[in-house]
Amino acid sequence: MRNRCRPSRAVRSHHFALHAALGMGVVAAGLLVSGTASAQAAPRFPFPSGNTNALSSGSLTSHELRAQYNTWKATFLQNCGDGSIRLQYPENEGNDTRSEGIGYGMVIAAYMGDQATFDGLWNYWERFDNNSLMNWRTFGCTGGSENGSASDADVDAALGLIVADIQWGGYAADATRVISAIRTTEILNCNGRDLLDPGSDGNFGSCGCINPSYFAPAYYGAFAEYDAAGAALWNGAIADAYATLGDVQNDQSGLLPAWSSAAQVAIAGCNFQVAGGGNANEYQSDAARTPWRVATDLAWNNSAAARGFLTPMVNWLKTQNRITHIVDRYALNGNALPQTGNGPQLNNATLNADGRRSTITMGAFSTAAVAGTQADLDSFVGAWQSLYVAGDSTGPNATVQPHAFNSSLALLYGLLATGTMWDPLGSDPVLKPEPARADQPGNQLENGDFDEGLLGWTFVNISDPATPGTPAEGYAMHLEGETHIAVQRTAALPADPWEVRLSQGVSVQANQTYRISINARAATARTLKVSVESGPGQPYALYGALGNRRAVGPVTLGPDMQTYDWVFISAGTNANARFDIDVANSDVTLTIDDVVFESSTLPVSTTGDLAGLPPPVVGEPGAGGSGGGTQPTGVGAPMVGPNGQVIPPSGDTTTGQPISGGVPGASGGLPAPSAGRPTGTGACSVQNDPACGQFQCSVVLKLCYDPNGYVWDATANMGAGAWTQPPSAHCGQGLVFWPILGACYDPASGYYWNPMTNAWVPYGDGYTEGWDTNSDSGCAISGMPARGAAAGWLLAGLIAAGCGLAYRRRR
């Protein structure tokens, strides 16, 4: 018997009883099903508490798991009105109940700290108790049942009772009774190995017909503590289980069959019906539970045997090219197998029957990844949660059919992958911190900041059947409060780049002004489209979209997180519209965060700002466009004097001394600013803007400038205004150094020198107009190095102009 790091069961029960007597732990809790509420005691280790000796993933958040649990209760649990609760299987004819579902539910409810639900499920179990083990199939709350137990249900129910005993106390005797019944009626001795028989009726299984996915080596240590009479058997059964799992596992793929003989052969002489169809000697929905059961032993005990079993499976998974190609049925050598039905082809195999793809295999593979790297685990959990849907089977266009089997396993997989399916024999679980639900007033989007994972969002691989060629596929992954989108595909379709979509329902009113804002970046340049469109099944309509300087449409992302804003007027009314984030063809991962869709009173954004501007200047500025350097050639390139002084191209190259700007001289100093002034404040929006009078408008900077490159600063001269002397003259004739950009700028053409690409770039290309709600002033300039670092004439001029239009800063 292993040593325990926390007090014995008796001590824990006494601890709980003391708190209950003091009235510190009783709260009212109602089920999310029909029926009356029942009293529920506070658990010792409320969700999300955890302890783990393996990796855990943040790609699935406690907020998402809690929401999935509540949906599971509302969808599948029926309150029978007498204190018992059954888990319905709507995917089965007759909406029956399986003992496996009751066992799953008891484990889930105990870890979620939901005593009312746990007690209801346990009461239902006892209603159909047959020598402490539940009959494997029942019909309704009061119907009959099919005799004989299923041992996978029994071991889960026993674990649920152990966890409940730790959480609330009082379940130890029931746990001991069930574990003892498993030992005496469901353990086979096969060639000297103590193995779990699939059932108790004597006809359900034998040494020649076992189900490896029923083995639960992680549980056996706990069983030994609660079943003292069988402690030696349970402790020995751990090694026996791994020996048999090793015998039937394929060495290359790590896969194993649904049913097998215990006599060191992988192909069974039995052929029971298996979940999801397929054959007994294949890896499919029955066999898929095995990785989860073994990964539990790794998470609890850092078991070398568990790691040895899971490692070849993880290595094989990483050879499958794309996570999006994981299907529900495989030959043991790892070849994907076709499924019955007319589902779409994927990797030379159909998806699930009727074109559906379920969580069962992908979720279990995600738990296997606890034996891999952190990146492996996060990627598999992210793909499973977004592409395969957390619980239910999903088909084309994200249609969902409720499956109790899938959804129950999804919760168990999620608890294990996040480290919240804690070891009942381990150290006390610690309550894990979880991000607070951020209030985003006015934002129609739920969880726009992604602090709650992908809660509220739907990820869709559109796979338009009208589009020729291989469709795009990808997945979304939540990490550290952001969402990463990876697009994986086997063939490019340049004519149809919008096939991977993250979306959410919204409502729009005709002629109402709305604001879109999104933070995004990409490892290399790629496009992103954000639009508000009609919902599924509706005639297509576009109500508005994120724009850029050139047009309403895709924006180009770069490596820095940047905020893209756009304000538009809705072209129509639709209470069931859809907010879509579409990703173009590329296998480059992009990151998005802080997405907002809200009603707005801001000015409507405009396009075409760069239309008709002259071409960029010829040549280069110096210092890579940052105001100093050694490049001696090209228009705008400075020279360096003997003492390191920067000399304008028109400076005195004989003495090496820079010439003061502002007064034209014989050797070509900068000209003086104009004598006149704009008729307005200096803010402008279009070429030949009347606000500039005789002067021109830099439609990129939204400020008036004179022919010599000076800009009007409305705040200079104690508010009287003045033409601004460029802060340095070393960018070259006709160019100015803008501290906001940190680069040389040609105000006549609207181009600035990009030192990263050594090329002239239109300022505003990839930048969008908008309003900085995070800025103290309410305004900001895109490209600003840091808040306050570039506070000066240009920002002040924008503030003085009323901030009608501003630029979002980079974050």
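Source: prediction; values computed, not measured.

(A) Here's a closer look at the overall build of the protein. Check the secondary structure of the protein and you find 14 helices and 40 strands. Taking all 811 residues of the protein together, the buried fraction comes to 59%. Across the protein, every contact between residues at least 6 apart in sequence was considered, and the portion connecting residues at least 24 apart equals 67%. If you sum the accessible surface of the protein, you get close to 29800 Å²; carbon and sulfur atoms cover 53% of it.

(B) Examining the state of the cysteines more closely. Under the counting rule described, the total for this entry stands at three disulfides. Between Cys80 and Cys141 runs a disulfide, and the two sulfur atoms are separated by 2.0 Å. Disulfide Cys80-Cys141: torsion about the S-S bond near -80°, hence left-handed. Residue Cys80 is found in the loop between strand 4 (77–79) and strand 5 (85–87), and its partner Cys141 is found in the loop between strand 9 (137–138) and strand 10 (145–146); the two are separated by 61 residues along the sequence. For the pair formed by Cys80 and Cys141, the shared burial category is buried. Residue Cys692 pairs covalently with Cys704 via a disulfide, S to S 2.0 Å.

(C) How the structure looks around the sheet that holds strand 26 (residues 562–569). Taken in spatial order, the five strands line up as 19-20-28-22-26 in an open sheet, and their pairing is antiparallel. With one partner strand each, in any of the chains shown, strand 19 (473–479) and strand 26 form the two edges of the open sheet. Along the sheet, successive strands turn relative to each other by an average axial angle of 30°, direction set aside. Here strand 19 pairs with strand 20 (residues 482–488) via seven bridges, running antiparallel. Bridge pairing in strand 20 links Gly474 to Val487.

(D) Spotlight on the packing of helix 5 (residues 151–168) against helix 6 (residues 172–185). Between helix 5 and helix 6, whose axes approach to 8 Å, the crossing angle comes to 160°. Considering their axes alone, helix 5 and helix 6 lie roughly antiparallel with respect to each other. For the crossing formed where helix 5 meets helix 6, the hand is left-handed. Here Asp154, Val155, Ala158, Leu161, Ile162 and Asp165 of helix 5 lie close against helix 6, whose contacting residues are Ala172, Asp174, Ala175, Val178, Ile179 and Ile182. Tallied by class, the residues present in the contact of helix 5 with helix 6 amount to nine nonpolar, no polar and three charged.

(E) Up close: the packing of helix 5 against helix 7 (residues 217–226). At a minimum axis separation of 11 Å, helix 5 and helix 7 run at an interaxial angle of 65°. Note that helix 5 runs across helix 7; the crossing there is left-handed. Residues Val155, Asp156, Ala158, Leu159, Ile162, Asp165 and Ile166 of helix 5 form the contact with helix 7, whose own contacting residues are Tyr219, Ala222, Phe223 and Tyr226. Residue composition of the contact of helix 5 with helix 7, by class: nine nonpolar, no polar and two charged.

(F) Region of the structure containing the pattern of salt bridges. Throughout the structure, instances matching the rule amount to 26 salt bridges. Residue Asp96 is joined to Arg137 by a salt bridge in which the shortest nitrogen-to-oxygen separation is 2.6 Å. You can see Asp96 sitting in the loop between strand 5 and strand 6 (97–98) and its partner Arg137 sitting in strand 9, a full 41 residues away along the chain. For the pair Asp96 and Arg137, a shared accessibility class is recorded, and that class is buried.

(G) Region of the structure containing the packing of aromatic side chains. All chains considered together, the criterion is met by 28 aromatic pairs. Look at Tyr220 and Phe223: their rings are 6.2 Å apart centre to centre, the planes differ by 40°, and that puts the pair in the tilted class. Highlighted residues: Tyr220 and Phe223, both in helix 7, separated by three residues, approximately one helical turn. With relative accessibility at 3%, the residue Tyr220 sits in the buried group. Following the ring pairs from residue to residue traces out a cluster consisting of Phe450, Trp457, Tyr514, Phe568, Phe579 and Phe597. Sitting above the plane of the Tyr89 ring, Arg98 keeps its charged end 5.9 Å from the centroid.

(H) Region of interest: the side chain of Thr367. One can find Thr367 in helix 11 (residues 359–368). Judged by its relative accessible area of 0%, Thr367 is buried. Polar contacts involving the side chain of Thr367 include one to the main-chain carbonyl oxygen of Ala364, which spans 2.6 Å. Setting aside chain neighbours within four positions, we find Thr367 in contact with Pro291, Trp292, Ala295, Tyr413 and Leu416.

(I) Spotlight on the sheet that holds strand 9. Reading across the sheet, the three strands line up as 6-9-10 and stay open at both edges, with antiparallel pairing between neighbours. The open sheet has two free edges, formed respectively by strand 6 and strand 10, since each of these has just one partner strand. Bridge count for strand 6 against strand 9 is two bridges, and the pairing is antiparallel. Note that in strand 9 the partner of Arg98 across the bridge is Arg137.

(J) Examining the nonpolar core more closely. Of all hydrophobic cores here, the largest spans 132 residues; its most connected members are Phe118, Tyr219, Tyr220 and Met421. With eleven residues, helix 5 is the largest single contributor of residues to this core. If near-sequence neighbours (up to four positions away) are discounted, Tyr219 is found in contact with Val155, Asp156, Leu159, Trp292, Arg293, Trp300 and Met421.

(K) Quick look at helix 8 (residues 231–248). Along its 18 residues, helix 8 runs 26 Å from first to last C-alpha, staying within 8% of the 26 Å computed at 1.5 Å per residue. Of all bends in helix 8, the biggest is about 30°, found at Ala237. Along helix 8, the residues that are buried comprise Ala231, Trp234, Ala237, Asp240, Ala241, Tyr242, Thr244, Leu245 and Val248. If you follow the buried residues of helix 8, they end up packed against helix 6, strand 11 (187–190), strand 12 (193–196), helix 7, helix 9 (289–301) and helix 10 (304–317).

(L) Highlighting the pairing of strand 12. Alignment of strand 11 against strand 12, held across four bridges, turns out to be antiparallel. Pairing of Ile187 across the sheet is with Leu196, part of strand 12. The turn joining strand 11 and strand 12, which pair antiparallel and follow one another in sequence, is formed by two residues; a positive phi near 55° is taken by Asn191.

(M) Broad picture of the environment of Ala153. Mapping Ala153 onto the fold places it in helix 5. Spatially, the C-alpha atom of Ala153 lies 9.6 Å from that of Gly199, the residues being 46 residues apart in sequence. Setting aside its immediate chain neighbours within four residues, Ala153 contacts Ser99, Glu100, Gly103 and Trp125.

(N) View of unusual backbone geometry. Residue Phe47 is joined to Pro48 through a cis peptide bond whose omega torsion reads 5°. Position of Pro48 among the secondary structure elements: in the loop between strand 2 (38–41) and strand 3 (49–50). Of note, the phi angle at Ser132 is positive, near 80°, even though the residue is not glycine. With respect to the element layout, Ser132 can be found in the loop between strand 7 (129–130) and strand 8 (133–134).

(O) Region of the structure containing the confidence of the model for the protein. Put simply, the protein has an average pLDDT of 75, and 66% of its residues get 70 or more. Per-residue pLDDT stays below 50 along residues 340–356; that stretch engages in 45 contacts with residues further than four places along the chain or on separate chains. Long-range and interchain partners of residues 622–670, a stretch whose pLDDT sits below 50, account for 104 contacts in this model, where long-range means more than four residues apart.

(P) Structural context of the environment of Thr513. Relative to the helices and strands, Thr513 is located in strand 22 (residues 513–522). Note: C-alpha distance between Thr513 and Ser599 (86 residues apart in sequence) is 5.9 Å. With near-sequence residues (within four places) excluded, Thr513 lies in contact with Val567, Phe568, Ile569, Glu598, Ser599, Ser600 and Leu602.

Criteria and cut-off values
- Residues numbered from 1 in each chain as written.
- Predicted model: local features only at pLDDT ≥ 70, side-chain atom pairs only at ≥ 80, totals over all residues.
- Heavy atoms only, no water.
- Helix = DSSP H or I, 4+ residues; strand = E, 2+ residues; numbered from the N terminus.
- Buried < 20%, exposed > 50% of the residue type's maximum accessible area, 1.4 Å probe, protein only.
- Contact = heavy atoms within 4.5 Å.
- Areas by Shrake-Rupley, 256 points an atom, 1.4 Å probe, with all protein chains shown as cover.
- Disulfide = S-S within 2.5 Å.
- Pairing = 2+ DSSP bridges.
- Axes fitted to C-alpha atoms, helices over the stretch in contact; angles between N-to-C directions.
- Parallel < 35°, antiparallel > 145°, perpendicular 65-115°, else oblique.
- Left-handed = near helix turned anticlockwise from the far one by under 90°.
- Nonpolar A, V, L, I, M, F, W, Y, C, P; charged D, E, K, R; others polar.
- Salt bridge = Lys/Arg side-chain N within 4 Å of Asp/Glu carboxyl O.
- Phe/Tyr/Trp six-rings, centres within 6.5 Å; stacked < 30°, edge-to-face > 60°.
- Lys NZ or Arg CZ within 6 Å of the ring centre and 35° of its normal.
- Polar contact = N/O pair within 3.5 Å; in protein donor to acceptor, adjacent residues only side chain to side chain.
- Core = buried A, V, L, I, M, F, W, Y, C linked by side-chain atoms within 4.5 Å.
- Expected span 1.5 Å × (residues − 1).
- Bend = angle between axes of the 7 residues up to and from the residue.
- pLDDT = per-residue confidence, 0-100.

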